[in-house]
Structures are given as structure tokens and as C-alpha cells.
Amino acid sequence: MLIFTKIAELHGYLSQIKAQNKTVGFVPTMGALHEGHVSLIKYSKNTCDYTICSVFVNPTQFNDKSDLERYPRMPEKDAALLESAYCDALFMPLVKEMYPGKNEKADFNFGYLDKILEGAHRPGHFNGVAQIVKRFFEIVNPDKAFFGSKDYQQVMIVKALVKQMHSDIEIVACPILREEDGLAMSSRNALMSKEERTIATNVPLIMQKAKQVAEVKGIESAKQFVAEQFAEIPGTRLDYFEICNAETLEILSEFIPGKKAVAVIAVFVGKIRLIDNLILN
Ligand code: AMP
């Protein structure tokens, strides 16, 4: 596996690939890689000739400075994992390579989509995500880019971004990989204590139960159920739980006949904020 830190060197590599008319799959990450990330590499390798992964902890998408500071960083381990997954190239630039100007600003408008859920609870987050994804897309210009459905709203933002860019990069949403106990894999899981990790198992469990409550008693009952459940678990704090139209992410109070819905959650376990989602019938 080749490792690049400079855009110019990556461009040299990419132009060789393009000269052979080969396709490029791109997997952007913030590192501290786990099997969820590896699954995206596998999806890319299945349909593209070359797979490039980026590892970059993007400062502009963190609205909480201490979250940015404690975000896990383990570049050597990441490189080894990607190598064992037969990733072709790893791009791990420094912040100044991605943001050469001081205080580079970007101002995106995604309408309703970035004002709800993660957008409402993490102001500026999706602006930062769009800023870095646009920059990566301009640098790598892949045929396809692979994102995890764990970040459900992010996938929708990236699809909207690609439209705004008039780009033909195909955005592929891949399924959520989970630990044996159902917890969605996340780089942040490693930051939890043993006790917190045990408590975190409640997130997928309560989501599954909430799905049943929603399907039998309706959305408002499910929301009440989830709020009551977390209120009873010490060390947790529910940030939000909503049931949305799975296509538009419009927050629902009642199911729309014939339309798929998705339950979305953000919950603090200690200081660690976990997100998850579940498609409802
Ligand atoms: P991150 O490094 O957390 O920014 O994630 C990089 C990419 O991996 C994003 O597209 C995430 O949605 C995806 N991802 C993170 N966790 C998982 C998971 N458990 N299953 C599948 N994809 C994931």
C-alpha cells in the first residue's frame, strides 16, 4: 500500500490510474479504524479498480474543542489495518495541507437537512463536513465514494453536496457494522471505560424495543419510551431520539403510509456521544 501525505504526490499516482482508464473508489475517514471502516474498503474493492482511503481528523467539523482534542489518533495501526485489507493507497495529510489559508471559511446551505438532528445539536458540524468532503472530492475526484449509514444524515448531506457541485461522483451508502452485542462500531467506542462500554449496550437494545413500540403504539409512544428508558440508566443522557421519513429525514409524529421511516438517536454515555439509527417498516 502506498502512503501519501502531500496532494501533489497523490495527484501523480491518480493521474497514472486515470491514464489507464481505471476506476477509483474513495473512503474518507477520521482514522482510529475498525471493522466498520474496513467494510467500506471491501465495498470499494468489489466495484472499483483502485481504492484510496483518507485518514484526516477534520478540525472544522468539531463544534466541541475537547472532542477534537480527545479524538483517538493511531496512524501506524490504521496503516497496518488498511494494508491487511488490501487498500491500494492511504492519504493522510496534515491540517495545513488541507487548509493552507488561515481561517478558511465555507458557507453551505442544505436547507432543512442541516438544521435538524445532528445539525441542530452540533452547530456548524455539517458545514465542516461539507467543506472537507468537497476538498477531498476535488483532490481525489473518485468514481465512487463510500460512506457508512451509521452517519445517516451525513450520507444525505454528502449526496446533496455532490448535487450542488454538479459532480458525477457516485455516493454509495454502506450498512452499519455492529459489535457482537449490537453496539454500532465507532472510533469513539474505544474512549469509553469498561463500565461505560457495558452501559452503551443499552443503545441498540432500546432502539430495537423502540422500533416495536413505534410499530404497535405509534411514534409519540416510542419517543416517550426511549426518554423514560434513558432517564433510568445512570451515566447516560439522551440528546435526541426521533423517527423520520427515511428519504427526506423530515421529523415525523405519525408514520406516512407507504413511506419508509428511520429511527435516529444521539446519546451521551459519560462524556462520549454515540449515534445510531434503525430503519423501521
Ligand atoms: P469516521 O472515521 O467516524 O468519520 O467514519 C468514516 C466513515 O466510516 C463514515 O462514512 C462512517 O459512516 C463510516 N463508519 C463509521 N462507523 C461505521 C460502522 N459501524 N459501520 C459502517 N460504516 C461506519
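Structure first, text after, so check above.
As the structure is a computational prediction, the values presented were derived from the model and not from experiment.

Asks: Which parts of the structure should I look at to understand the nonpolar core?
Replies: General note: in soluble globular proteins, nonpolar side chains tend to be found buried as a group. Grouped together as the largest cluster of nonpolar side chains are 47 residues, with contacts concentrated most on L10, I52, F137 and L249. Taken together, the elements giving at least two residues each to this core come down to α1 (7-19), β2 (24-29), β4 (89-91), α7 (125-140), β5 (144-148), α8 (152-164), β7 (236-245) and β8 (261-269). Tallying contributions element by element places α7 first for this core, with nine residues. If near-sequence neighbours (up to four positions away) are discounted, L249 is found in contact with Y112, L113, I116, L117, Y152, Q153, M156, C244 and V262.

Asks: Sorry, what's going on with the packing of α7 against α8 here?
Replies: A pair of packed helices is captured by two measures, namely the crossing angle of their axes and the spacing between those axes. Contact geometry for α7 and α8: axes closest at 10 Å, N-to-C directions at 55 degrees. Judged on the interaxial angle alone, α8 and α7 are oblique. At the point where α7 passes α8, the crossing takes the right-handed sense. Here F126, V129, A130, V133, K134 and F137 of α7 come into contact with α8, specifically with Q153, Q154, I157, V158, L161 and V162. Class assignment for the residues of the contact of α7 with α8 results in nine nonpolar, two polar and one charged.

Asks: Looking at this model, I keep getting lost on the side chain of S54. Mind explaining?
Replies: Positionally, S54 belongs in strand β3 (residues 50-55). By relative accessible area, which is 0% here, S54 ends up buried. Dropping the residues within four chain positions of it, S54 is found in contact with F26, V27, P28, T29, L90, F91 and F136.

Asks: Would you explain the site of the ligand in this entry?
Replies: Inspection of the region around the ligand gives 17 residues, with M30, G148, D151, L177 and M185 positioned closest. Here an oxygen atom of the ligand sits 2.9 Å away from a polar atom, N or O, in the main chain of M30. The contact in question runs from an oxygen atom of the ligand to an N or O atom on the side chain of H37, over 3.0 Å. Its free accessible area being 480 Å², the ligand has 92% of it covered by the protein chains. When residues of the shell around the ligand are traced back to their parent elements, those giving at least two are β2, α2 (35-47) and β5.

Asks: So what exactly am I meant to see when it comes to the packing of helix α10 (residues 202-217) against helix α11 (residues 219-231) here?
Replies: It is the contact of α10 with α11, at a shortest axis distance of 7 Å, that shows an interaxial angle of 150 degrees. When the axis of α10 is compared with that of α11, the two are roughly antiparallel. For the pair α10 and α11, the crossing hand works out as right-handed. Across the interface between the two elements, N202, V203, I206, K209, A210, V213, A214 and K217 from α10 touch I219, S221, A222, F225, V226, Q229 and F230 from α11. Split by residue class, the contact of α10 with α11 holds ten nonpolar, three polar and two charged.

Asks: Please explain α10 as it appears in this structure.
Replies: Counting along an α-helix, one turn takes 3.6 residues, and residues three or four places apart therefore face a common direction. An ideal rise of 1.5 Å per residue puts 22 Å on 16 residues; α10 measures up with 21 Å between its terminal C-alpha atoms. Of all the residues in α10, the buried ones are V203, P204, I206, M207, A210, K211, V213 and A214. Those residues of α10 that are buried lie in contact with α9 (194-200), α11, β7, β8 and β9 (272-280). Backbone geometry just downstream of α10 places G218 in the positive-phi region, at approximately 105 degrees.

Asks: Help me understand the pairing of β3, please; the structure alone is not making it clear to me.
Replies: Moving residue by residue along a regular strand, the side chains alternate between the two faces of the sheet. The element β3 is extensively covered by neighbouring structure, given that five of its six residues are classed as buried. Between the parallel pair β2 and β3, the chain is carried across by α2, and the sense of this crossover is right-handed. Sheet topology places β3 next to β4; three bridges connect them, and they run parallel. Following the sheet pairing, C53 is matched in β4 by L90.

Asks: I tried to follow the pairing of strand β6 (residues 170-174) on my own but got confused; where do I start?
Replies: Relative to β6, β5 runs parallel, the two being bridged by five bridges. Its bridge partner being in β6, A145 is matched across the sheet by I171. Of the crossover connections in this fold, the one passing from β5 over α8 to the parallel β6 is right-handed.

Asks: Would you take a moment to explain the sheet that holds β6 for this structure?
Replies: By definition, the strands of a sheet pair up through backbone hydrogen bonds, in either a parallel or an antiparallel sense. Taking strand neighbours across the sheet as the criterion, the six strands line up as β1-β4-β3-β2-β5-β6 in an open arrangement whose pairing is parallel. Of all strands in the sheet, those bounded by a partner on one side alone are β1 (2-4) and β6. Direction aside, neighbouring strands of the sheet carry axes that sit 25 degrees apart on average. Relative to the sheet, α1 contacts β1, β2, β3 and β4, its axis offset from that of β3 by approximately 165 degrees.

Asks: Is there a simple way to think about the layout of surface pockets in this case?
Replies: In this approach, a probe sized like a water molecule rolls over the atoms, and the result shows the empty space that is left. Here the second largest pocket is characterised by a volume of approximately 280 Å³. Forming the walls of the second largest pocket are 16 residues, and the residues nearest its centre are V55, F56, V57, R73 and P93. Class assignment for the residues of the lining of the second largest pocket results in 13 nonpolar, one polar and two charged.

What counts as what
Sequence order as written defines the numbering, with residues in each chain counted from 1. Local features in a predicted model are, by the rule used here, given only for residues with pLDDT of at least 70; side-chain atom pairs are given and counted only at 80 or more, and totals for whole chains, interfaces and linings are based on all residues. In computing side-chain properties, one takes all heavy atoms of the structure into account and sets aside hydrogens as well as water. Residues grouped as a nonpolar core are buried Ala, Val, Leu, Ile, Met, Phe, Trp, Tyr and Cys residues, joined through side-chain atoms within 4.5 Å. The classification of residues rests on relative accessible area computed with a 1.4 Å probe and restricted to protein chains. Under 20% of the type maximum is buried, over 50% is exposed, and intermediate values are partly exposed. Numbering of helices and strands runs from the N terminus, with a helix taken as a DSSP run of H or I at least four residues long and a strand as a DSSP run of E at least two residues long. Here, residues are in contact when the closest pair of their heavy atoms is within 4.5 Å. Axes here mean lines fitted to C-alpha atoms, for a helix over just the part in contact, with angles spanning 0 to 180 degrees between N-to-C directions. Note on terminology: angles under 35 degrees are roughly parallel, angles over 145 are roughly antiparallel, angles of 65 to 115 are roughly perpendicular, and the others are oblique. Note: crossing handedness is left-handed where the near helix turns anticlockwise from the far helix by less than a right angle, and right-handed where it turns clockwise. When residue character is reported, Ala, Val, Leu, Ile, Met, Phe, Trp, Tyr, Cys and Pro are called nonpolar, Asp, Glu, Lys and Arg charged, and the others, Gly included, polar. Note on terminology: near, applied to a residue and a molecule or strand, indicates that one of the residue's heavy atoms is within 4 Å of it. Here a polar contact is recorded for every N or O atom pair within 3.5 Å, except that within protein the pair must consist of a potential hydrogen donor and a potential acceptor, and residues adjacent in sequence are included only if both atoms are side-chain atoms. For accessible areas, the Shrake-Rupley method is used with a probe of radius 1.4 Å. Any residue's cover is judged against the shown protein chains and nothing else. Any helix carries an expected span of 1.5 Å times its number of residues minus one. By convention a crossover is right-handed if, when the strands point away from the viewer, the path from the first strand over the helix to the second runs clockwise. Any two strands between which DSSP finds at least two bridges are classified as paired. Think of a 1 Å grid over the protein atoms and nothing else: a 1.4 Å probe that fits but is trapped marks a cavity, an open set flanked by protein within 12 Å on at least five of seven lines marks a pocket, and residues with an atom within 4 Å of a point count as lining. Grid points are joined across faces, edges and corners, and a volume is the space filled by probe spheres set on the points.

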